[in-house]
Amino acid sequence: PGSRFKSPRLTPRQRCVPDDSVVEEAGAGQSLSGAMNADEERRAREAAQSQAGGEMDMQKMQEQRQQQQETEERKRIMVRSILMPEALERLSRLAMVKPEKQQQIEMMLLQLAQSGQIQEKLSDAALVQIMERADAQRASSTIKFQRKRRDDSDDDIDLDNL
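Presented here is an overview of the structure given in this document. The structure presented is a predicted model; accordingly, all values stated were derived computationally and were not measured.

Overview of the overall build of the protein
So, step 1. When helices and strands are tallied, the protein shows four helices and two strands.
So, step 2. Each helix (α) and strand (β) of the protein, taken in turn from the N terminus, gives the series β-β-α-α-α-α.
So, step 3. Taking all 162 residues of the protein together, the buried fraction comes to 15%.
So, step 4. Just so you have it, the protein exposes about 14,200 Å², and 50% of that area is on carbon and sulfur atoms.

Below, the structure is given as structure tokens:
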């Protein structure tokens, strides 16, 4: 009949927790549902903010794409104004085969035009000369690797004299 542990008398709204303290429980879903609603509201706000941020990113990306298209169109117009029809045709054929080389040539043409070195429309022969110059620049900037040969004895280990 006599127990060493004295259990506290609990009211119906109280419960025991592991450290022997007594905690008041929420009444019929009042503050628990309030806590749940606050958590749900916080999550909903975060989701709405991330969605709004995603929409802003999409809008920025569309604006950047539009600006890039506009600059490409201006570049095409300038190149058309620099080249005669035959040279323009050659450049468009080059774009089909080697688009990176075509972009390099276009950049060179625009730089020459902006620096004032091109006074009139370029013919096909003049474009060929510019393309050859671009090839010469590219060839001078290549890197050549020199590898060791198989019969090179510099790195052989002499196992006979050990």
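Concerning the pattern of salt bridges
So, step 1. This structure, assessed with the given rule, holds ten salt bridges.
So, step 2. For glutamate 73, the salt bridge goes to arginine 80, with nearest N and O atoms at 4.0 Å.
So, step 3. Assessed through its relative accessible area of 34%, glutamate 73 is described here as partly exposed.
So, step 4. Note that arginine 90 is salt-bridged to aspartate 124, the shortest N-O span being 2.5 Å. Highlighted residues: arginine 90 in helix H2 (residues 85-97) and aspartate 124 in helix H4 (residues 124-140), separated in sequence by 34 residues.
So, step 5. Judged by its relative accessible area of 28%, arginine 90 falls in the partly exposed class.
So, step 6. Overlapping salt bridges bring together Asp39, Arg42, Arg43 and Glu46 as one network.

Some words on the side chain of glutamate 106
So, step 1. With respect to the helices, strands and loops of the structure, glutamate 106 is situated in helix H3 (residues 99-114).
So, step 2. A distance of 2.5 Å separates the side chain of glutamate 106 from the side chain of glutamine 102, its partner in a polar contact.
So, step 3. Leaving out residues up to four positions away in the same chain, glutamate 106 has contacts with Lys75, Val79 and Leu91.

As for the packing of H2 against H3
So, step 1. H3 packs onto H2 with a crossing angle of 140° between their chain directions and a minimal axis gap of 6 Å. Taken together, the axes of H2 and H3 lie oblique to each other. Of H3, the residues touching H2 (which contributes Leu91, Leu94, Ala95 and Val97) are Pro99, Lys101, Gln102, Ile105, Glu106 and Leu109.
So, step 2. For the contact of H2 with H3, the per-class residue count stands at seven nonpolar, one polar and two charged.

Considerations on H3
So, step 1. End to end, H3 covers 22 Å across 16 residues, agreeing with the expected 22 Å (1.5 Å per residue, within 8%).
So, step 2. For H3, every residue scored as buried is listed here: Lys101, Gln102, Ile105, Glu106, Met108, Leu109, Leu110 and Leu112.
So, step 3. Glycine 116 sits one or two residues past H3 and shows a positive phi near 85°.

Observations concerning the nonpolar core
So, step 1. Ranked by internal contacts, the top residues of the largest apolar core, which has 18 residues, are Leu83, Leu91, Ile105, Leu109, Leu122 and Leu127.
So, step 2. Only helix H1 (30-82), H2, H3 and H4 provide two or more residues apiece to this core.
So, step 3. Beyond its immediate chain neighbours, meaning those up to four positions away, leucine 122 contacts Ile82, Leu83, Met84, Ala87, Leu109 and Ile130.

Concerning the packing of H2 against H4
So, step 1. Relative to each other, H2 and H4 sit at 40°, their axes nearing to 8 Å. With respect to H4, the axis of H2 lies oblique. Here H2 and H4 pass one another in a crossing that is right-handed. Two secondary-structure elements touch here, H2 through Glu86, Ala87, Arg90, Leu91 and Leu94 and H4 through Asp124, Leu127, Val128 and Met131.
So, step 2. A per-class count over the contact of H2 with H4 returns six nonpolar, no polar and three charged.

Rules of the game
- Residues numbered from 1 in each chain as written.
- Predicted model: local features only at pLDDT ≥ 70, side-chain atom pairs only at ≥ 80, totals over all residues.
- Heavy atoms only, no water.
- Helix = DSSP H or I, 4+ residues; strand = E, 2+ residues; numbered from the N terminus.
- Buried < 20%, exposed > 50% of the residue type's maximum accessible area, 1.4 Å probe, protein only.
- Areas by Shrake-Rupley, 256 points an atom, 1.4 Å probe, with all protein chains shown as cover.
- Salt bridge = Lys/Arg side-chain N within 4 Å of Asp/Glu carboxyl O.
- Polar contact = N/O pair within 3.5 Å; in protein donor to acceptor, adjacent residues only side chain to side chain.
- Contact = heavy atoms within 4.5 Å.
- Axes fitted to C-alpha atoms, helices over the stretch in contact; angles between N-to-C directions.
- Parallel < 35°, antiparallel > 145°, perpendicular 65-115°, else oblique.
- Nonpolar A, V, L, I, M, F, W, Y, C, P; charged D, E, K, R; others polar.
- Expected span 1.5 Å × (residues − 1).
- Core = buried A, V, L, I, M, F, W, Y, C linked by side-chain atoms within 4.5 Å.
- Left-handed = near helix turned anticlockwise from the far one by under 90°.

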